Amino acid sequence: MYRPAAFDMTDVAEIHGFIAAAGPAHLVTLNGDANAGRHMIASVVPMLLDPSAGQHGSLLGHLARPNHQWRDVVDDVDAMAIFAGRDAYISPSLYATKAETGKVVPTWNYEVVHVYGEFVVHDDAPWVIDLVTRLTDRHELDRSAPWSVDDTPEGYIETMARGIVGIELRITRFEGKRKLSQNRSSADIDSTIAGLSQGTVDEQSVARSMSAARPAG
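Report on the accompanying structure.

1. Quick word on the layout of surface pockets
Reasoning step 1: In this structure, the largest pocket spans a volume of roughly 170 Å³.
Reasoning step 2: For the largest pocket, the full set of lining residues is Phe18, Ala21, Ala22, Ala84, Gly85, Arg86, Glu111, Arg178, Ser205, Arg208 and Ser209.
Reasoning step 3: When residues of the lining of the largest pocket are traced back to their parent elements, those giving at least two are α1 (12-21), β6 (79-90) and α6 (201-213).
Reasoning step 4: Each residue belonging to the lining of the largest pocket can be placed in one class, and the counts come to four nonpolar, three polar and four charged.

Here is the structure:
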C-alpha cells in the first residue's frame, strides 16, 4: 500500500482498534498451482482478531464448505485481509484555498488496514463452534436482547457447523492508512470538516475521523 508519512498508521494498538471496530474483511488469497494455473479469490468474511496468538496475533473466521477458496491456497504467498473504514469524496469547493488561489483538485478521504499472513484451515468442528460462539457474542454484545447460540435447539449448531470450515490468518505484518487531509492547511481541514458534517452519514463519519486525526497545533 502507498502510505505517505502524513497518512501512515504505525501504532499496533491503533490498528487493532480499527480492526475491532471495522465490519467484515475482504479476504484475498492466491489459489491453484503452477501446473493448473493460479488465480486470485476474494470473499467477504467477518473475522475476529486474537492479538494473543503468535508475535502479531491472528484473524479467525470461517468460509462456507462449498467455497473453493479454502481448499488450495498457495502456501508460500501471504493471504491478505482488507478492513475498510468510511470514505468520502472531497470536492475542491470544500477547501478554503479555493477562494484564495483556486489551486485545488478533487481527492478522496478514507481509512483502511491491510493485514497479511499465513492462511491456515481448521476443518475441526469444536474449533469452528467455538469461533461461531465468539463471533456471535461479539456482534450481539450491544443489542438490547442479544441472541446466543444457546438459543438454538440441541444439536442445531453442530449440524450447521458441518457446512462451514474454520480459517485463520496468522499475521506477519500490518499496513494501515488514514488519508484524512492531514497534509492540508488548518483552514482547509476546518472548511472540509464543516462541509462534510452537513452531508451523508458516511461523510459525517469521515468528518469526525478528520477531527480526531488532525495534526496537533
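2. Describing the packing of aromatic side chains
The way to describe two aromatic rings as a pair is by their centre distance and the angle between their planes.
Reasoning step 1: A full pass over the atoms with the stated rule returns one aromatic pair.
Reasoning step 2: Taking NZ or CZ as reference, Arg173 lies 3.8 Å from the ring centre of Tyr116, over its face.
Reasoning step 3: When the ring centre of Tyr95 is taken as origin, the NZ or CZ atom of Arg184, which lies over that ring, is 4.1 Å away.

3. Quick notes on the environment of Ala21
Reasoning step 1: Along the chain, Ala21 turns up in helix α1.
Reasoning step 2: Sequence separation of Ala21 and Gly155 is 134 residues, and the distance between their C-alpha atoms is 32 Å.

4. Some remarks on the nonpolar core
Reasoning step 1: Judged by nonpolar contacts, the single largest core of 25 residues is most densely connected at Ile19, Leu59, Phe83 and Val115.
Reasoning step 2: For this core, the secondary structure elements donating two or more residues are α1, β2 (25-33), β5 (58-64), β6, β7 (107-122) and β8 (164-179).
Reasoning step 3: Core analysis: the second largest hydrophobic core is formed by 12 residues, Ala88, Leu196, Val206 and Ala207 among them.

5. A word on the pattern of salt bridges
Reasoning step 1: In total, this model carries 12 salt bridges according to the counting rule given.
Reasoning step 2: A salt bridge links Glu175 to Arg3; the nearest nitrogen and oxygen atoms lie 3.2 Å apart. Here Arg3 lies in the segment before β1 (8-9) and Glu175 lies in strand β8, a separation of 172 residues in the sequence.
Reasoning step 3: For Glu175, a relative accessible area of 10% gives the class buried.
Reasoning step 4: When its relative accessible area of 29% is taken as the criterion, Arg3 is described as partly exposed.
Reasoning step 5: A salt bridge links Arg86 to Asp202; its shortest N-O distance comes to 2.6 Å. One end of the pair, Arg86, is in strand β6; the other, Asp202, is in helix α6, with 116 residues separating them in the sequence.
Reasoning step 6: Given a relative accessible area of 37%, Arg86 falls into the partly exposed group.
Reasoning step 7: The network of salt bridges with common partners includes Arg3, Asp8, Arg173 and Glu175.

Cut-offs used in this document
- Every residue gets a number counted from 1 within its own chain, in the order that chain's sequence is written.
- pLDDT decides what is reported in this predicted model: residues at 70 or higher carry local features, side-chain atom pairs at 80 or more are listed and counted, and totals for whole chains, interfaces and linings draw on all residues regardless.
- Based on all heavy atoms of the structure, the side-chain values leave hydrogens and waters out of the count.
- Detection works on a 1 Å grid of protein atoms alone, calling trapped sets that fit a 1.4 Å probe cavities and calling open sets with protein on both sides within 12 Å along at least five of seven lines pockets, with lining residues defined by an atom within 4 Å of a point.
- Grid points are joined across faces, edges and corners, and a volume is the space filled by probe spheres set on the points.
- Here a helix means four or more residues in a row that DSSP labels H or I, a strand means two or more in a row labelled E, and each is numbered from the N terminus.
- Think of it as three bins: nonpolar holds Ala, Val, Leu, Ile, Met, Phe, Trp, Tyr, Cys and Pro, charged holds Asp, Glu, Lys and Arg, and polar takes everything else, Gly as well.
- For Phe, Tyr and Trp, rings pair up if their centres lie within 6.5 Å, where Trp contributes its six-membered ring, and each pair is then called stacked (planes under 30 degrees apart), edge-to-face (over 60) or tilted (otherwise).
- Charge-over-ring placement is defined geometrically: NZ (Lys) or CZ (Arg) within 6 Å of the ring centre, and within 35 degrees of the ring normal.
- As used here, the term nonpolar core means buried Ala, Val, Leu, Ile, Met, Phe, Trp, Tyr and Cys residues forming a set that is joined through side-chain atoms within 4.5 Å.
- Each residue's exposure class comes from its accessible area (1.4 Å probe, protein chains only) as a fraction of the maximum for that residue type: buried when under 20%, exposed when over 50%, partly exposed otherwise.
- Throughout this description, the term salt bridge denotes a Lys or Arg side-chain nitrogen within 4 Å of a carboxyl oxygen of Asp or Glu.

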